[in-house]
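# Results of the structural survey
Residue strings, one per chain:
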Amino acid sequence: MVLTTPGIDLLAKTFTVLHGFIWILLSINSIVTSRFGYNIPTWIVLAGTAISIPLFSTIYIMSIKVKNWRNAAALGARPVPEAQGKLIGNLDILKEMMDKQQTGYPGDGLWELLEKRGPVANLRVLWSDLIFTASPEHIKTILATDFQNYVKGERFHYNMESVLGTGVFNSDGEMWKFHRSITRPMFTRERIGHFELFDRQAFQVVSKLKERLREGYAVDFQDLMSRFTLDSATEFLFGHNVQSLSAGLPYPHNASYVTVKHTPEGDAANSFARAFSEAQEVISIRERYGWVWPLMEMSKDKSYEPMQVVSAYIEPIVKEALAKKQSDVAAQEKGEEGSDDETLLDHLVRVTSDPVVLKDEILNIMIAGRDTTASTLNFIIYFLSIYPDVLARLRDEIISKVGHTRRPDYDDIREMKFLRAVINETLRLYPIVPFNVRESINAATWVSDDPNGKPYYIPAGTKTAYSVFMMHRRKDLWGPDAEEFDPDRFLDDRLKKYLSKNPFIFLPFNAGPRICLGQQFAYNEMSFMLIRLLQSFSSMELDLSAAPPEATPPKEWAQASGRKAIEKLFPKMHLTLYTNGGLWVKMTESDIAN
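All figures in this text were calculated on a predicted structure; none of them were measured in a lab.

What follows deals with the overall build of the protein. Along its length, the protein carries 21 helices and 13 strands. Referenced to the eigenvectors of the C-alpha coordinate spread, the extents of the protein come out at roughly 100 × 65 × 50 Å. Evaluated residue by residue, the protein yields a buried proportion of 52% over its 594 residues. Of the roughly 27800 Å² that the protein leaves accessible, carbon and sulfur atoms contribute 57%. Of note, the protein has its 67 positive side-chain charges centred 5 Å away from the centre of its 73 negative side-chain charges.

So this is what it looks like as structure tokens:
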């Protein structure tokens, strides 16, 4: 039972501070009265309080700015240029950011800001510094060269804690090192090349596709991939496939007289997945609102209800793993052999028996191991559906290497250069974690993109946000065709011209000490799924008529420039990117029987 809400908590803290301030003023008035015999009327005290709060706040804010200007000058640096909104506290910028979240394309509003202010800008929403960059040099500083100075920070922890707990994505320092150390052993080459597992799940995917397509209906590929990666991730991590694929696939919104098949296991797994996505949406909105987000959750903690569903699903898995640990210990004490097939969860329970820590780590790994892979596969199929020449070339490479039926192995995947190029080009245009944030511990400087310009000053305790999505589309970094989908840029002379000389312009899996441990597992899983798909299907196309209205990009996008103007889907994001309304496709089966 939730007894309070984030909004009430914030107001209570604010009123406590305000009450203390008023008490000090009244105490001063009482002293003046007792010593000088003059009693200041209470209404004057209260009116003075009302006036002094914004006055003192303004003085405090300006004193911090002056201090930063002086500190910057002492280091031969300059403050980051601030966004200039029309309303007090840049409230109009905050409103625009939240509006863009609902109807905009990723990066909308920020492109225009960087064009005005340079490659780095301070959004300065509600008098709180938020320094934003899409510069590879700045991102390299945050993630690698000055890694120790940039952390998630207490504000980020507070925003995310109700969903991510103290897991690896929401921890710093020793706690982060602990989480990192307990998961690293599970990502050896032997474990990430788990092709028997991939093959079982891929067989189900292909079977589901054929079954639905033979009925004459399009398939929501995003939903299908979410189930595929959920089943694969749970079997790999827990040794227990949750069988989300066992439930029937959804039909197009305009289909009539159809009944979706239900199974208890599949429905429960898919309810968990939906609730987890909803919870991620809540905390991503919190991060965008900044320190005032609790005021948007006055009546309830919006993450509470979806996390009840998530917890109810995860906790029995944790209890089962802890029980298995006790059973194995008891067996060993009797001289018997325990279970040899250790999963990641088995490994985790050997390290800790704390069910909260275990649950937090599971949910963090689920984001890394499921959401990212599912979304990337979804965007790959989108591109293959609208670029049939790329699909034909990729299929030729697959068939020439492994034929129409043979299961690919590790060496096959490593040799398929065009397959890797297709995956990388998709990750370039749609990196699954498009925006991220850190917080500086100590004051620092960032290099200026202008060789003759002063470096930028970064105050201590400042939020520093960055976007690999926007960096991946910069024409000065990737060439004039940066917004075009062209896998050959990872194979031809553009590779040396752009990427080889500056590897930090391509960061789909993060970089530095926090680089994704599971990136090779993800490449293997995505590659295997694509191979099995193109062995079974010879062509693909979008079925826009099957997509629900919310999947259609707003009409005004057509007046924009670049990739936004030609998109046929509606990319949205919470912690990761996804497609609003799904990706509805039809496929043609290969003439060669599987």
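This is not the end of the story, as more comes after the structure.
What follows concerns the nonpolar core. Leu209, Phe221 and Ile381 are the most contacted members of the largest nonpolar core, which has 144 residues in total. Per-element accounting of this core gives the leading share, 14 residues, to helix 14 (residues 355-386). With near-sequence residues (within four places) excluded, leucine 209 lies in contact with Val219, Phe221, Leu224, Leu533, Phe537 and Met587. Counting residues in hydrophobic clusters, the runner-up holds five residues, among them Ala218, Ala546, Ala547 and Ala551.

For helix 11 (residues 264-289), which comprises 26 residues, the first-to-last C-alpha distance of 38 Å matches the rise-based estimate of 38 Å (1.5 Å per residue) to within 8%. Glycine 290, located one to two residues past helix 11, shows a positive phi value of around 75°.

Let us now look at the packing of helix 11 against helix 14. The contact between helix 11 and helix 14 brings their axes to 12 Å, and the two run at 100°. Compared by their axis directions, helix 11 and helix 14 come out roughly perpendicular. Across from Phe272, Ala273, Phe276 and Gln280 in helix 11, the residues of helix 14 making contact are Leu363, Met366, Ile367, Arg370 and Asp371. Taken together, the residues that form the contact of helix 11 with helix 14 break down as six nonpolar, one polar and two charged.

Here we take up the UniProt feature "binding site: heme" (unreviewed entry) in the protein. As annotated in UniProt, the feature "binding site: heme" (unreviewed entry) corresponds to Cys516 in the numbering used here. Exposure remark for cysteine 516: the relative accessible area of 25% places this residue in the partly exposed category.

The subject of this paragraph is unusual backbone geometry. Notably, asparagine 90 is not glycine yet its phi reads approximately 55°, a positive angle. Relative accessible area serves as the criterion here: at 8%, asparagine 90 is assigned to the buried category. Phi at asparagine 510 takes a positive value of approximately 70°, unusual for a residue other than glycine. Relative accessible area serves as the criterion here: at 22%, asparagine 510 is assigned to the partly exposed category.

A separate point is a nonpolar patch on the surface. Residues Leu87, Ile88, Leu91, Trp127 and Trp291 make up a contiguous nonpolar surface patch of about 540 Å² in total accessible area. Position of tryptophan 127 among the secondary structure elements: in the loop between strand 2 (120-122) and strand 3 (130-133). Classification of tryptophan 127 as partly exposed rests on a relative accessible area of 39%.

Once that is clear, we can look at the packing of helix 7 (residues 173-183) against helix 14. At their nearest, the axes of helix 7 and helix 14 sit 12 Å apart, and the two run at 70° to each other. Judged by the angle between their axes, helix 7 and helix 14 are roughly perpendicular. Counting all contacts with helix 7, which are made through Phe178, His179, Ile182 and Thr183, the residues of helix 14 involved are Val357, Glu361 and Ile365. The residue inventory of the contact of helix 7 with helix 14, partitioned by class, reads four nonpolar, two polar and one charged.

Our focus in this paragraph is the pattern of salt bridges. As enumerated under the stated definition, the model contains 30 salt bridges in all. We note a salt bridge from glutamate 287 to lysine 463, for which the minimum N-O separation is 2.5 Å. With a gap of 176 residues between them, glutamate 287 in helix 11 and lysine 463 in strand 9 (residues 463-467) connect regions that are remote in the sequence. Salt bridges sharing partners connect three or more residues here, namely Glu425, Arg428, Asp481, Asp486, Arg489, Asp492 and Arg494.

In this structure, strand 2 lies alongside strand 3, joined through three bridges in antiparallel fashion. Each residue of the ladder has a partner; that of alanine 121, found in strand 3, is phenylalanine 132. The sheet contact formed by strand 3 and strand 9 spans four bridges and is parallel. When the sheet's bridge partners are listed, leucine 130 is paired in strand 9 with lysine 463.

Overall, mixed pairing links the five strands, which are arranged 2-3-9-6-4 in an open sheet. Each edge of the sheet is formed by a strand with only one pairing partner; in this case those strands are strand 2 and strand 4 (150-151). Those strands touched by helix 4 (residues 110-117) are strand 2, strand 3 and strand 6 (435-440), and its axis lies near 100° from that of strand 2. Relative to strand 6, helix 6 (residues 153-164) is tilted by about 135°, and along the sheet it contacts strand 4, strand 6 and strand 9.

Looking now at the sheet that holds strand 13 (residues 584-589). One key point about sheets: their strands pair by backbone hydrogen bonds, in either a parallel or an antiparallel sense. Strands sit in the order 5-13-10 across an open sheet of three strands; the sheet is antiparallel. The open sheet terminates on both sides in strands that have one partner only, identified here as strand 5 (219-220) and strand 10 (537-542). Across five bridges, the pairing between strand 10 and strand 13 is antiparallel. Within strand 13, the residue paired with glutamate 541 across the bridge is lysine 586. Each of strand 10 and strand 13 touches helix 21 (residues 519-536); the most contacted strand, strand 10, lies at about 100° to it.

Reading the values: the criteria
Residues numbered from 1 in each chain as written. Predicted model: local features only at pLDDT ≥ 70, side-chain atom pairs only at ≥ 80, totals over all residues. Heavy atoms only, no water. Helix = DSSP H or I, 4+ residues; strand = E, 2+ residues; numbered from the N terminus. Buried < 20%, exposed > 50% of the residue type's maximum accessible area, 1.4 Å probe, protein only. Areas by Shrake-Rupley, 256 points an atom, 1.4 Å probe, with all protein chains shown as cover. Lys, Arg positive; Asp, Glu negative; His and termini not counted. Charge placed at Lys NZ, Arg CZ, Asp CG, Glu CD. Core = buried A, V, L, I, M, F, W, Y, C linked by side-chain atoms within 4.5 Å. Contact = heavy atoms within 4.5 Å. Expected span 1.5 Å × (residues − 1). Axes fitted to C-alpha atoms, helices over the stretch in contact; angles between N-to-C directions. Parallel < 35°, antiparallel > 145°, perpendicular 65-115°, else oblique. Nonpolar A, V, L, I, M, F, W, Y, C, P; charged D, E, K, R; others polar. UniProt positions renumbered as here; feature names shortened; annotations may be inferred. Patch = residues over 30% accessible without salt bridge, like charges linked within 9 Å, V, L, I, M, F, W, Y side chains within 5 Å. Salt bridge = Lys/Arg side-chain N within 4 Å of Asp/Glu carboxyl O. Pairing = 2+ DSSP bridges.

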